[in-house]
Amino acid sequence: MRTRRCTAPAAAVAALLLATACGTDVYGQGGTQPAANQAGVPEYGGEYEGGYGSADAAATIDPAGQLIVRSTPDLGSVVTDSRGFTLYRFEEDTADPPESTCNDACATAWPPVPADDASATEGIDPALLGEVERADGSAQLTLAGRPVYRYQDDTAPGDINGHGVNGTWNALAPDGRPASADNAQAAGGEEGPALSVVQDPSLGPIVTDAKGRTLYRFDKDSAWPMISNCEGDCLDTWKPAQPVDPEDVKGVDAELISTLERDDGTEQLAIDCWPVYWFTGDENPGDTTGHGAGDLWFAVTPSGAKAPL
């Protein structure tokens, strides 16, 4: 039986409680079932294979919701909306006083972000959020006085296709300045939280790792007891996620974080006792092309459950 041990330093009592959560107590006997109560290995549903199961969603004029800071290798920290879509500034606008000069056809390509329902998460000073009245009378979100936009050609969370367009459009850094390679270098390539939750337009809230990669669970695995059945050729395509410090996660209950010791002696991250993986077919942060693959692979929600098809 392959069991897991907690990765985070904890008192002995806490460690015992976590140990019993994934199907084994300290004596090797059955313990409490996972929170999602999805025990056992589901019936085999088809051959393991890659696949593409999620549709792209174009940027809309929806409110931003809670703004998120995402780390990128090329631009450092950039700001996204609650669904993970990159937010931009227009260099022909002004911040003092705030004024938007993107109207008509420009506003079709660069939808202004409404000011309502916007809030700041860690890494963004709430005092920097504001609004400006547009020519049509609507209220547009501002960050450090700069009007905020999405880009119509960003079709999936994590896209940054608008950065540098015509030399006048830039992804927003958390302080309202343009995101830049200099910021990435100053940050020393530092990544974001070990785990984050993004709002996928099709799947709802799902878990991503520090590189923005979607994490998945495999229906041939088991949470009771915790077992990974992805071995051999499967591991060429589905890579076990590395263990994380439960204190370095955002949006996921730290008590759901655990570690599986695999048969080869390596360790793998588990969420609510389910081993999780990233998919080599996901080329960009926010991709969910592994969701639904072979009717066996599913993006993971913050509770460790499967995202809906």
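Everything below is about the structure printed above this text.
As the structure is a computational prediction, the values presented were derived from the model and not from experiment.

Considering the nonpolar core
Argument step 1. Counting residues in each nonpolar core, the largest one holds 15 residues, and the members touching the most others are C230, W238 and W297.
Argument step 2. At the level of elements, β14 (215-218), β21 (277-279) and β22 (297-299) are the ones that each hand at least two residues to this core.
Argument step 3. One finds A194, V249, V276 and V300 within the second-largest nonpolar core, a separate group that totals 14 residues.

Looking at the sheet that holds β21
Argument step 1. The strand order across the open sheet built from four strands is β17-β21-β14-β22, with neighbouring strands paired in antiparallel fashion. The open sheet has two free edges, formed respectively by β17 (238-240) and β22, since each of these has just one partner strand. Taking each pair of neighbouring strands and ignoring which way they run, the sheet shows an average axis angle of 45 degrees.
Argument step 2. Direction of pairing for β17 relative to β21: antiparallel, over a ladder of three bridges. Counted as the bridge partner of W238 is F279 from β21.

Focus: the sheet that holds strand β2 (residues 66-72)
Note: strands within a sheet are paired through backbone hydrogen bonds, in either parallel or antiparallel orientation.
Argument step 1. Taken together, the three strands give an open sheet; going across it, the order is β3-β2-β7, and neighbouring strands pair in mixed fashion. Of all the strands in the sheet, the pair left with one neighbour each is β3 (76-80) and β7 (119-120).
Argument step 2. Taken together, the two bridges between β2 and β7 define a ladder with parallel strand orientation. Within β7, the position partnered with L67 by the bridge is A120.

Here we look at the environment of G290
Argument step 1. Within the secondary structure, G290 sits in the loop between β21 and β22.
Argument step 2. With a relative accessible area of 0%, G290 lands in the buried category.

Here we look at the state of the cysteines
Argument step 1. Applying the stated rule across the entire model yields two disulfides.
Argument step 2. Disulfide pairing is shown between C102 and C106; the S-S distance is 1.9 Å. One disulfide, between C102 and C106, carries an S-S torsion of -110 degrees and so falls in the left-handed class.
Argument step 3. Residue classification places C106 among the partly exposed positions, given a relative accessible area of 22%.
Argument step 4. The side chain of C230 participates in a disulfide bridge whose partner is C234; the two sulfur atoms lie 1.9 Å from each other. Looking down the S-S bond of the C230 and C234 bridge, the torsion is -105 degrees, so its handedness is left-handed. Comparing C230 with C234 shows no difference in burial state: the two are buried.

About the thresholds
Residues numbered from 1 in each chain as written. Predicted model: local features only at pLDDT ≥ 70, side-chain atom pairs only at ≥ 80, totals over all residues. Heavy atoms only, no water. Core = buried A, V, L, I, M, F, W, Y, C linked by side-chain atoms within 4.5 Å. Buried < 20%, exposed > 50% of the residue type's maximum accessible area, 1.4 Å probe, protein only. Helix = DSSP H or I, 4+ residues; strand = E, 2+ residues; numbered from the N terminus. Pairing = 2+ DSSP bridges. Axes fitted to C-alpha atoms, helices over the stretch in contact; angles between N-to-C directions. Disulfide = S-S within 2.5 Å.

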